[in-house]
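# What the coordinates show
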Amino acid sequence: MVSPRATPESLTVATIAGQIVHAVYNYRFLTAVQLSRLFAGHPDAEAQALQRLVNADYITAIRRPTLDPYAPNVVYALGQRGANLVADRLGIDRRHVRWRKYHNLVGLSYLDHRLAVNDVHIAFAVGAPRLGGRLEYWWYEFPIKENIDDPDEHAPPLTLRPD
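To start, this report covers the structure provided alongside it. In this text the structure is predicted, and so the values were computed from the model without any measurement.

About the criteria used
- Residues numbered from 1 in each chain as written.
- Predicted model: local features only at pLDDT ≥ 70, side-chain atom pairs only at ≥ 80, totals over all residues.
- Heavy atoms only, no water.
- Helix = DSSP H or I, 4+ residues; strand = E, 2+ residues; numbered from the N terminus.
- Buried < 20%, exposed > 50% of the residue type's maximum accessible area, 1.4 Å probe, protein only.
- Contact = heavy atoms within 4.5 Å.
- Areas by Shrake-Rupley, 256 points an atom, 1.4 Å probe, with all protein chains shown as cover.
- Expected span 1.5 Å × (residues − 1).
- Pairing = 2+ DSSP bridges.
- Core = buried A, V, L, I, M, F, W, Y, C linked by side-chain atoms within 4.5 Å.

### Looking at the overall build of the protein chain
Of regular secondary structure, the protein chain possesses five helices and five strands. Each helix and strand of the protein chain, ordered N terminal to C terminal, gives the series α-β-α-α-β-β-α-α-β-β. When burial is assessed residue by residue, the protein chain has 33% of its 163 residues classed as buried. Contacts spanning at least 24 positions in sequence make up 58% of the contacts within the protein chain whose residues lie at least 6 apart. When the accessible area of the protein chain is evaluated, it comes to approximately 10400 Å², of which 56% is carbon and sulfur surface.

Take a look at the structure:
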């Protein structure tokens, strides 16, 4: 997904809010820093939009433990009303939105991994247009179902996961 970067004057809180919900859906988990990289809106408007979206259950704020005091400790994920909004914006039935509440319940190692992958995704999505390119499509877990033989012949084959 390539998010168009608009000028701060052209963004309203309502516009930012809708874009945030859709970005959280596409990326699954995002920090405030990652959201600020995706959108060039006014920082106060983004903070207000995040708080309003959390209060209205469009997105969920998940606190995560961090050892680094400067690392973001709040991660945003989709909420129930956010999934409904995504379905409305995409013009699809809610059952076709790839999100359920239990998708937000993940371990810390998965969450950190996903945020790191999102950093790379955001770098390409934001950087490519600056260099005259564009990111056509992003696959988080490309569906490779290739079995790799385990050196221990008594074990079942290993599954290749590209990331």
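On we go.
### Remarks on helix 5 (residues 108-130)
Its 23 residues place the ends of helix 5 33 Å apart at the C-alpha level, agreeing with the 33 Å of an ideal helix rising 1.5 Å per residue. All of the buried residues in helix 5 are L111, R114, L115, V117, N118, H121, I122, A125, V126 and A128. Phi for G132, located one or two positions after helix 5, is positive at around 85°.

### Considering unusual backbone geometry
The general pattern is negative phi for most residues beyond glycine and trans for most peptide bonds. Even without a glycine there, the phi angle at R28 is positive, about 75°. Turning to its location among the elements, R28 is positioned in the loop between helix 1 (13-27) and strand 1 (30-31). With relative accessibility at 22%, the residue R28 sits in the partly exposed group. The phi dihedral of D57 is positive, around 65°, even though this residue is not glycine. Here D57 shows up in the loop between helix 3 (43-55) and strand 2 (59-63).

### A look at the sheet that holds strand 1
Sheets are built from strands that pair by backbone hydrogen bonding, the pairs being arranged parallel or antiparallel. Here we have three strands laid out as an open sheet, ordered 1-3-2, and antiparallel in their pairing. In this open sheet, the two strands that pair with only one neighbour each are strand 1 and strand 2.

### Some points on the nonpolar core
Counting 31 residues, the largest nonpolar core has I20, Y27, L30, L35, L38 and I59 as its most contacted members. For this core, the elements supplying multiple residues, two or more each, are helix 1, helix 2 (32-38), helix 3, strand 3 (74-78), helix 4 (80-90) and helix 5. Residue contributions to this core peak at eight residues, all from helix 1. The next biggest cluster of nonpolar side chains, apart from the first, holds six residues, and it includes F29, I62, V75 and A77.

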